[in-house]
Amino acid sequence: MIVGLPKEVKNHEYRVGLTPSSVRELSAHGHQILVQKNAGSEIGLTDAQYVAAGAVLLDTAQEIFARSEMIVKVKEPQPVECSMLREGQILYTYLHLAPDPEQTAALVKSGAICIAYETITGSNGGLPLLAPMSEVAGRMAIQAGAAHLEKSKGGMGLLLGGVPGVAPGHVVIIGAGVVGSNAMQMALGAGARVTILDKSVDRLRQLDLIYGNRISTLYSNVQSIEETVLSADLLIGGVLVPGAAAPKLVSRDLISRMKTGAVVVDVAIDQGGCFETSHATTHAEPTFVLDGVVHYCVANMPGAVARTSTFALNNATIGHAVALADKGWQRAMREDVHLKNGLNVCQGKLTYAAVAEALGYAYVNPSTLLN
């Protein structure tokens, strides 16, 4: 198969879908890899490394899209990229379609086979291709939140860990999954006081067994969210419903009653955000202030630590990339139900139920397309 790697074009996005070692893996299976020049140069992955791994360099994304049978990316295709997709071409990347009707319509129109990293499941449960970026984003949420609590960045002027004789900041984390547990570890390391909420008592029990009285665990409901949000100096939203729009767990009214200069970090913003006041921001302009509360809602947080993120992502994605290239998408999905769960748009049809429901499309069972 001819596999193409274009350079990412989203604002401040420096990750790449294939590292040189991933290119070498695909090349070892007999596939041709086309790489856009300077695709990884911003994070120290040189054209020479790609050539040594077996890639062919091309000048433009247009050439990559025109000649490739499968496109491997990181972020959802931007409008200019959607226009270059064609019928029958495989797109393998993050999509996050539920809150993005424009992208969905463009992918439906393209006729391409669109596979979303974030809905591919794992044999042990969970979302293994989303997990590495959730780990990065969860840890970054504390770094970003702590920085924006500084007065010069609009916050209340609070040092998250405090100092002897001065109380530390209170970090409230909604969601105890991969994002929440990684944010919790970083917040504890910074010396903050941490409260974490979730609807899974089993998950809260696990965290309590590990961390004991170093954290406070609360069952998530309307009252516990209200009480903790109002006492938070830094609020982290890390709730995910696979493939679907994130639930709005914190209302605008509640945000407006938070402490002046408090910071909220909505890690769920790729799926629409779990705070009613959230809207997507970029690394160029990462925050906005509403009702005196600093909002950090960058839609590609891991892009800020693009080198770490790229290697972590490739560890998770290369196995399915090889399977798709070796077997073709239909056979690969017939043989792997977890990969099949990643099929979101196929030949003009919506094949992921949560996305179809969120955007008002008819749902088509992907099994009916695997001839």
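Refer to the structure printed above.
Residues numbered from 1 in each chain as written. Predicted model: local features only at pLDDT ≥ 70, side-chain atom pairs only at ≥ 80, totals over all residues. Heavy atoms only, no water.

Visitor: Summarise the overall build of the chain; cite the residues concerned and give the values.
Guide: Within the chain, the secondary structure is distributed over 14 helices and 15 strands. Taken over the C-alpha trace, the chain has a radius of gyration of 21 Å; the compact-globule value for 371 residues is 21 Å, and the two agree within 12%. Projecting the C-alpha coordinates of the chain onto the three principal axes gives extents of approximately 65 × 45 × 35 Å. The buried share of the chain, reckoned over its 371 residues, is 54%. For the chain, the proportion of contacts with a sequence separation of at least 24, taken over those separated by at least 6, is 63%. Looking at the chain as shown, the accessible area adds up to about 15000 Å², and 52% of this sits on carbon and sulfur atoms. A distance of 3 Å separates the average location of the 28 positive side-chain charges in the chain from that of its 32 negative side-chain charges. (Helix = DSSP H or I, 4+ residues; strand = E, 2+ residues; numbered from the N terminus. Rg over C-alpha atoms; globule rule 2.2 N^0.38 Å. Buried < 20%, exposed > 50% of the residue type's maximum accessible area, 1.4 Å probe, protein only. Contact = heavy atoms within 4.5 Å. Areas by Shrake-Rupley, 256 points an atom, 1.4 Å probe, with all protein chains shown as cover. Lys, Arg positive; Asp, Glu negative; His and termini not counted. Charge placed at Lys NZ, Arg CZ, Asp CG, Glu CD.)

Visitor: Talk me through the side chain of serine 134; I want residue IDs and the actual numbers.
Guide: For serine 134, the position within the fold is in helix H6 (residues 131-148). The contact partners of serine 134, leaving out residues within four places of it in the chain, are Val178 and Val179.

Visitor: Report on a nonpolar patch on the surface, specifying residues and quantitative values.
Guide: Nonpolar side chains collect at one region of the surface, where Leu159, Val163 and Val166 lie side by side and expose about 280 Å² of accessible area between them. Within the secondary structure layout, valine 166 lies in the loop between H6 and strand S7 (170-174). (Patch = residues over 30% accessible without salt bridge, like charges linked within 9 Å, V, L, I, M, F, W, Y side chains within 5 Å. Salt bridge = Lys/Arg side-chain N within 4 Å of Asp/Glu carboxyl O.)

Visitor: If you had to explain the packing of aromatic side chains to someone new, which residues and values would you point to?
Guide: Evaluation of the coordinates by the stated rule reveals 2 aromatic pairs. With 4.7 Å between their ring centres and 85 degrees between their planes, tyrosine 92 and tyrosine 117 make a pair best called edge-to-face. Taken together, the positions of tyrosine 92 in strand S5 (residues 90-93) and tyrosine 117 in the loop between strand S6 (113-116) and H6 put the pair 25 residues apart, joining distant regions of the chain. You'll find tyrosine 92 and tyrosine 117 in the same group, each marked buried. When the ring of tyrosine 94 is compared with that of tyrosine 117, the centres are 4.9 Å apart and the planes differ by 80 degrees; the resulting orientation is edge-to-face. Of this pair, tyrosine 94 sits in the loop between S5 and helix H5 (101-110) while tyrosine 117 sits in the loop between S6 and H6, placing them 23 residues apart in sequence. The two residues tyrosine 94 and tyrosine 117 agree in class, both being buried. (Phe/Tyr/Trp six-rings, centres within 6.5 Å; stacked < 30°, edge-to-face > 60°.)

Visitor: So what's going on with the packing of H6 against helix H7 (residues 178-189)? Which residues, and what values?
Guide: Their axes nearest at 7 Å, the elements H6 and H7 cross at an angle of 40 degrees. Overall, the two elements H6 and H7 adopt an arrangement that is oblique. For H6 against H7, the interelement crossing comes out right-handed. Contacts between H6 and H7 pair Ala131, Ser134, Glu135, Gly138, Arg139, Ile142 and Gln143 from the former with Val178, Val179, Asn182, Ala183, Gln185, Met186 and Ala187 from the latter. (Axes fitted to C-alpha atoms, helices over the stretch in contact; angles between N-to-C directions. Parallel < 35°, antiparallel > 145°, perpendicular 65-115°, else oblique. Left-handed = near helix turned anticlockwise from the far one by under 90°.)

Visitor: Talk me through the sheet that holds strand S1 (residues 2-5); I want residue IDs and the actual numbers.
Guide: With mixed pairing, 8 strands are arranged side by side in an open sheet as S3-S2-S1-S4-S5-S6-S14-S15. At either end of the open sheet lies a strand with only one pairing partner, and these are strand S3 (56-58) and strand S15 (349-350). Summarising the sheet, strand S14 (residues 343-346) and S15 pair through 2 bridges and their orientation is antiparallel. Following the sheet pairing, cysteine 346 is matched in S15 by lysine 349. Strands in contact with helix H11 (residues 306-327) are S1, strand S4 (70-72), S5 and S6; relative to S5, the strand with the most contacts, it is inclined by about 170 degrees. (Pairing = 2+ DSSP bridges.)

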